[in-house]
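# Coordinate analysis (summary)
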Amino acid sequence: MSNIIVAVLAYLLDKKFGEFSFIKHPIIVIGELISFFEKLLYKKSIFRGLLLVLAVLSVVSFFAIALERYFTLFLPSFLNIIFTAFIASMFIAHKMLRDSVEGVLNAENKREAISMLVSRDTKELSESDIYKAAIETYAENLSDGVVAPLFYLLLFGLPGIVIYKTINTMDSMIGYKNERYEKFGKVAARLDDIANYIPSRLTALLIMSVAKQKNLFAFYKDGKKHDSPNAGHPITAMALAIGVKLGGDTSYFGMIKKKATFGKGKKQISSEDVQKALKLL
């Protein structure tokens, strides 16, 4: 029961306040820890990447569990809930995600604004393509930025959300299929896939439910076509929910990458479609 109360409070705190400027964000600290162990352990080796994952998770788990135990043993129950919710809220990205997408809508230079959110080439994007990219990153990040953290907070309390976001951060830093990280980041990338397996599909189901879609599992047909085992499901669910077609061939670093399409709606996407997506949050 206490995890439910903490999750609700953490969600509301993030929705209202977002990031707190008076404290160093814990994700930054975790990122610095990952960078420290990368400098210490890096080799083009799967085993060395495994050592980094074990080292980072050991340190983070120790502090997260110790903090939870401290709150439980030395604080009254209501203060325990408040302090835990405050810390947990910093691992949820509800407000930041919404503000980022709204920032693209309101920006004078929309290509520059969307380039801060996606890795694809943006210089030649049409306005429709910009809005498509915004909806795709929004749908994908609903899972690892909002639903997944809350999922692990509900299941495992403060250590759950902290460890999940650590896994997610390791993937975002070293989980790339390039020359440097193909081997070193493989364990981090696979662990992130595992951690997001249930939350990504839960996110898709939630989107379909909120949008009152008749077939709640209709997202799966196109969702499984994505290169990622997880990202395609919330993206497809969002496409079906707002009646657009997402995905398709995309330019990365000057090269066109063949990508599946998701959904069966219109191809030309407008700012109104982005607003429809935002309302589902």
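Residues numbered from 1 in each chain as written. Predicted model: local features only at pLDDT ≥ 70, side-chain atom pairs only at ≥ 80, totals over all residues. Heavy atoms only, no water.

## Observations regarding the environment of L9
Defined as follows: Secondary structure follows DSSP: runs of H or I at least 4 residues long count as helices, runs of E at least 2 residues long count as strands, and numbering of each begins at the N terminus. The contact criterion used is simple: two residues touch if any of their non-hydrogen atoms lie within 4.5 Å.
With respect to the element layout, L9 can be found in helix α1 (residues 2-17). Through-space distance from the C-alpha of L9 to that of T84 is 9.3 Å; in sequence the pair is 75 residues apart. Residue contacts for L9: discarding those within four places in its chain leaves I81 and A85.

## A few points about the packing of aromatic side chains
The description of an aromatic ring pair rests on the distance of the ring centres and on the angle between the ring planes. To be explicit about the condition: Here a pair means two rings of Phe, Tyr or Trp (six-membered ring of Trp) with centres within 6.5 Å. Their orientation is stacked below 30 degrees between planes, edge-to-face above 60, and tilted elsewhere. Exposed residues in this analysis have more than 50% of their type's maximum accessible area, buried residues have under 20%, and partly exposed residues fall in between, with area computed by a 1.4 Å probe over protein chains only.
With the rule as written, the count across this model stands at 15 aromatic pairs. Judged by centre distance (5.1 Å) and plane angle (40°), the rings of Y70 and F74 are tilted. Of the two residues, Y70 and F74 both sit in helix α3 (residues 46-74), four residues apart, roughly one turn of that helix. For F74, a relative accessible area of 58% gives the class exposed. Taken together through their ring pairs, the aromatic side chains of F17, F20, F22 and F86 make up a single cluster.

## Examining the layout of surface pockets
Threshold: Here a cavity denotes a set of grid points, spaced 1 Å apart and computed over the protein atoms alone, in which a 1.4 Å probe fits but from which it cannot get out, and a pocket denotes an open set meeting protein on both sides within 12 Å along at least five of seven lines; residues with an atom within 4 Å of a point are reported as lining. Grid points are joined across faces, edges and corners, and a volume is the space filled by probe spheres set on the points. Note on residue categories: nonpolar means Ala, Val, Leu, Ile, Met, Phe, Trp, Tyr, Cys or Pro, charged means Asp, Glu, Lys or Arg, and polar means any other residue, Gly included.
When its volume is computed, the second largest pocket comes out at roughly 400 Å³. Elements that contribute at least two residues to the lining of the second largest pocket include exactly α2 (26-41), α3 and α7 (127-174). If you tally residues by element for the lining of the second largest pocket, the top one is α3, at five residues. Grouping the amino acids of the lining of the second largest pocket by side-chain chemistry returns 15 nonpolar, no polar and one charged.

## Regarding the nonpolar core
Note the following rule: Only buried Ala, Val, Leu, Ile, Met, Phe, Trp, Tyr and Cys residues count toward a nonpolar core, and they belong to the same one when joined by side-chain atoms within 4.5 Å.
Formed by 76 residues in total, the largest nonpolar core has its most connected members in L52, M170 and M238. Top contributing element to this core by residue count: α7, with 21 residues.

## Details of the packing of helix α5 (residues 94-106) against α7
Which entries qualify depends on this criterion: The axes are straight lines fitted to the C-alpha atoms, using for helices just the contacting stretch, and the angles between their N-to-C directions are given from 0 to 180°. Should an angle fall under 35 degrees it is taken as roughly parallel, and over 145 as roughly antiparallel, whereas 65 to 115 is taken as roughly perpendicular and any remaining angle as oblique.
Where α5 meets α7, the axes come as close as 10 Å, and the angle between the chain directions of the two elements is 175°. In terms of orientation, α5 lies roughly antiparallel with respect to α7. Here H94, L97, V101, V104 and L105 of α5 come into contact with α7, specifically with I130, Y131, A134, T137, Y138, N141, L142, G145 and V146. For the contact of α5 with α7, the per-class residue count stands at 10 nonpolar, four polar and no charged.

## Focus on α7
Rules: One fewer than the residue count of a helix, multiplied by 1.5 Å, yields its expected span. Note on bend: the value at a residue is the angle between axes fitted to the seven residues ending there and to the seven starting there.
An ideal rise of 1.5 Å per residue puts 70 Å on 48 residues; α7 reaches only 31 Å between its terminal C-alpha atoms. At F156, α7 shows its maximal bend, which comes to roughly 145°, and the proline P159 appears one to four places after that position. Most of α7 sits inside the fold, with 38 of its 48 residues counted as buried.

## Observations concerning the pattern of salt bridges
What counts, and what does not: Any carboxyl oxygen of Asp or Glu that lies within 4 Å of a side-chain nitrogen of Lys or Arg is treated as forming a salt bridge with it.
Here the structure, examined in full by the defined rule, presents 12 salt bridges. Between K24 and E32 there is a salt bridge, with its nearest N and O atoms 2.9 Å apart. When its relative accessible area of 49% is taken as the criterion, K24 is described as partly exposed. Between K44 and E179 there is a salt bridge, and its shortest N-O distance comes to 3.1 Å. Separated by 135 residues along the polypeptide, K44 in the loop between α2 and α3 and E179 in the loop between α7 and α8 (186-210) bring together distant segments of the chain. Overall, E179 belongs to the exposed group, its relative accessible area being 66%.

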